[in-house]
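Residue strings, one per chain:
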Amino acid sequence: MTIKKPFVVACIPAYNEERSIAKVVLQAKRYVDKVVVCSDGSTDVTAEIAEGLGAEVIRHERNLGYGAAIQSLFRRARELDADVMVTLDADGQHDPREVPKVVKPIVDGVADVVIGSRFVDERSAYTVPWYRRAGIKFITKLVNKTSKKYGVRDAQSGFRAYDRKALEGLRLNENGMGVSVEVLMEAKKQGLIIVEVPTECAYHGIKKTSTHNPLRHGASVIMSIVRLVVEDRPLLLLGVPGVLSLLIGVLFGVWMLQTYAVKHTITTNIALASIAFILIGLFAVFTAITLYAISRLVQKTNNRH
């Protein structure tokens with residue numbers, strides 16, 4: 001009985017990477033069946049170089065963001081009926097020679113999503129610049145705190161592999177760098193098995209390691225985490241504080257009325273505090289109910305499909 005070899009597609013998001021894309025595509029082709037590059041509004045010859053070397057190229061007319069490129073690559077991998085999709089950066093940070101290592105847990109049937117982690121091996125961790133290492137570890141802790149199920153060490157690695165179940169199940173919406181976090185949150189929600197394997201990450205000799213300033217990058221990801229968590233549990237994280245705000249507003253209102261009954265004057269500060277807390281509470285409660293209704297509708301739609 002012959003075992004069918006999995007169809008592996010390497011997917012590479014790229015933005016103005018004309019200096020490094022050739023090496024990444026050529027090396028990746030040695031370990032996968034097909035290479036797809038998403039040129040996310042590149043203004044240089046990234047797309048032309050990749051195409052000339054045999055990669056399929058998806059072109060975004062303008063720069064939509066890392067998450068938008070990942071979404072386009074997910075769609076194309078589904079269209080190609082890939083068994084495994086592996087993502088890696090176009091700037092040469094990730095070593096394509098490690099693709100077999102990242103793909104192996106999926107081929108062995110022990111994982112749905114594999115993360116090529118910089119922090120499984122502590123020796124590799126110290127090759128990451130200290131400010132990036134601190135930021136990645138902080139963001140990873142935030143992600144892990146959103147669910148006891150996580151326990152990943154590198155929530156921001158772009159070197160990942162996905163099996164067919166993950167490809168079909170993950171529907172992503174984040175256009176920015178927060179998509180890395182969204183993948184993990186969606187994967188856990190769907191009960192997908194996540195495994196980490198140690199990988200190297202080259203920072204020395206790389207022209208640039210991010211198109212974003214590290215602070216902007218970190219702030220963007222943190223805002224994505226907050227937004228995703230609130231959207232996932234709106235009644236708890238918006239509804240409960242909203243009700244508390246309403247109660248505080250009512251208490252301020254009662255205090256104002258008591259003061260008026262005694263002094264026959266309205267204390268402006270108390271009145272304004274009452275109005276503010278009531279308005280904030282109403283906004284939070286209505287937003288929570290709306291988000292909950294939308295999430296329920298999305299769940300029912302997904303279940304039908």
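As a starting point, this report considers the structure included with it. Remember, predicted model here, so these are calculated numbers, not experimental data. (Residues numbered from 1 in each chain as written. Predicted model: local features only at pLDDT ≥ 70, side-chain atom pairs only at ≥ 80, totals over all residues. Heavy atoms only, no water.)

### Overview of the overall build of the protein
So, step 1. Scanning the protein from N- to C-terminus turns up 11 helices and seven strands.
So, step 2. Counting over 305 residues, the protein shows a buried share of 47%.
So, step 3. Taking the intrachain contacts of the protein between residues at least 6 apart in sequence as the baseline, contacts between residues at least 24 apart amount to 73%.
So, step 4. Carbon and sulfur atoms make up 60% of the accessible area of the protein, which totals about 16500 Å². (Helix = DSSP H or I, 4+ residues; strand = E, 2+ residues; numbered from the N terminus. Buried < 20%, exposed > 50% of the residue type's maximum accessible area, 1.4 Å probe, protein only. Contact = heavy atoms within 4.5 Å. Areas by Shrake-Rupley, 256 points an atom, 1.4 Å probe, with all protein chains shown as cover.)

### Considering helix H10 (residues 234-263)
So, step 1. Taking 1.5 Å per residue as the helical rise, H10 with its 30 residues ought to reach 44 Å, and the 42 Å between its terminal C-alpha atoms agrees with that figure.
So, step 2. Burial in H10 covers these residues: Pro234, Gly239, Gly242, Ser245, Gly249, Gly253, Met256 and Thr259.
So, step 3. Following H10 by one or two positions, His264 adopts a phi angle in the positive range, close to 60°. (Expected span 1.5 Å × (residues − 1).)

### Topic: the nonpolar core
So, step 1. Counting 37 residues, the largest nonpolar core has Phe74, Met85, Tyr162 and Leu170 as the members making the most contacts within it.
So, step 2. In this structure, Ile12, Val25, Ala28 and Val86 belong to the second largest nonpolar core, which totals 28 residues. (Core = buried A, V, L, I, M, F, W, Y, C linked by side-chain atoms within 4.5 Å.)

### Comments concerning unusual backbone geometry
So, step 1. Backbone geometry at Asn16 places phi at a positive 55°, although glycine is not the residue there.
So, step 2. Mapping Asn16 onto the fold places it in the loop between strand S1 (8-14) and helix H1 (21-29).
So, step 3. Asn16 sits in the buried class, given a relative accessible area of 17%.
So, step 4. The backbone phi angle of His264 is positive, close to 60°, even though this residue is not glycine.

### Regarding a nonpolar patch on the surface
So, step 1. Together, Leu235, Leu272, Ile275, Leu279, Leu282, Phe286, Ile289 and Tyr292 line one region of the surface with nonpolar side chains, adding up to about 770 Å² of accessible area.
So, step 2. Here the nonpolar patch gets seven residues from one element, more than from any other, and that element is helix H11 (residues 268-304).
So, step 3. One can find Leu235 in helix H10.
So, step 4. When its relative accessible area of 39% is taken as the criterion, Leu235 is described as partly exposed. (Patch = residues over 30% accessible without salt bridge, like charges linked within 9 Å, V, L, I, M, F, W, Y side chains within 5 Å. Salt bridge = Lys/Arg side-chain N within 4 Å of Asp/Glu carboxyl O.)

### Topic: the side chain of Asp89
So, step 1. Assignment of secondary structure puts Asp89 in the loop between strand S4 (84-87) and helix H4 (99-107).
So, step 2. For the buried residue Asp89, which engages in no salt bridge, the nearest side chain bearing the opposite charge is Arg118, 6.9 Å off.
So, step 3. The contacts of Asp89, once residues within four sequence positions are left out, are Ile12, Val24, Tyr66, His94 and Gly158. (Lys, Arg positive; Asp, Glu negative; His and termini not counted.)

### Quick word on the side chain of His60
So, step 1. Along the chain, the position of His60 falls in strand S3 (residues 56-60).
So, step 2. Exposure remark for His60: the relative accessible area of 13% places this residue in the buried category.
So, step 3. When residues no more than four places from it in sequence are discounted, the contact partners of His60 are Cys38, Ser39, Asp40, Gly41, Ala68, Ala69 and Ser72.

### Points about the packing of aromatic side chains
So, step 1. In total, this model carries three aromatic pairs according to the counting rule given.
So, step 2. Note on Phe252 and Phe277: the rings are 5.7 Å apart at their centroids and 10° apart in plane angle, and the pair reads as stacked. Pair noted here: Phe252 is in helix H10 and Phe277 is in helix H11, with a separation of 25 residues, a long-range link.
So, step 3. Since its relative accessible area comes to 22%, Phe252 is described here as partly exposed.
So, step 4. Aromatic ring contacts, followed pair by pair, group Phe252, Trp255 and Phe277 into a single cluster. (Phe/Tyr/Trp six-rings, centres within 6.5 Å; stacked < 30°, edge-to-face > 60°.)

### Some remarks on the pattern of salt bridges
So, step 1. If you walk through the whole model with that rule in mind, you get 12 salt bridges.
So, step 2. The residue Asp83 makes a salt bridge to Arg164 at a minimum N-O spacing of 2.5 Å. One end of the pair, Asp83, is in the loop between helix H3 (66-79) and S4; the other, Arg164, is in helix H7 (residues 164-169), with 81 residues separating them in the sequence.
So, step 3. Accessibility expressed as a relative area gives 16% for Asp83, which makes it buried.
So, step 4. Among the residues examined, Arg164 registers a relative accessible area of 30% and is labelled partly exposed.
So, step 5. Each member of the salt-bridge network shares a partner with another, and the members are Lys34, Glu56, Arg76 and Glu79.

### Some thoughts on H3
Along an α-helix, residues three or four apart share an orientation, since each turn contains 3.6 residues.
So, step 1. For H3, which comprises 14 residues, the first-to-last C-alpha distance of 20 Å matches the rise-based estimate of 20 Å (1.5 Å per residue) to within 8%.
So, step 2. Of all the 14 residues making up H3, 10 are buried; the element is thus mostly covered by neighbouring parts of the structure.
So, step 3. Listed as buried for H3 are Tyr66, Gly67, Ala68, Ala69, Ile70, Gln71, Ser72, Leu73, Phe74 and Ala77.

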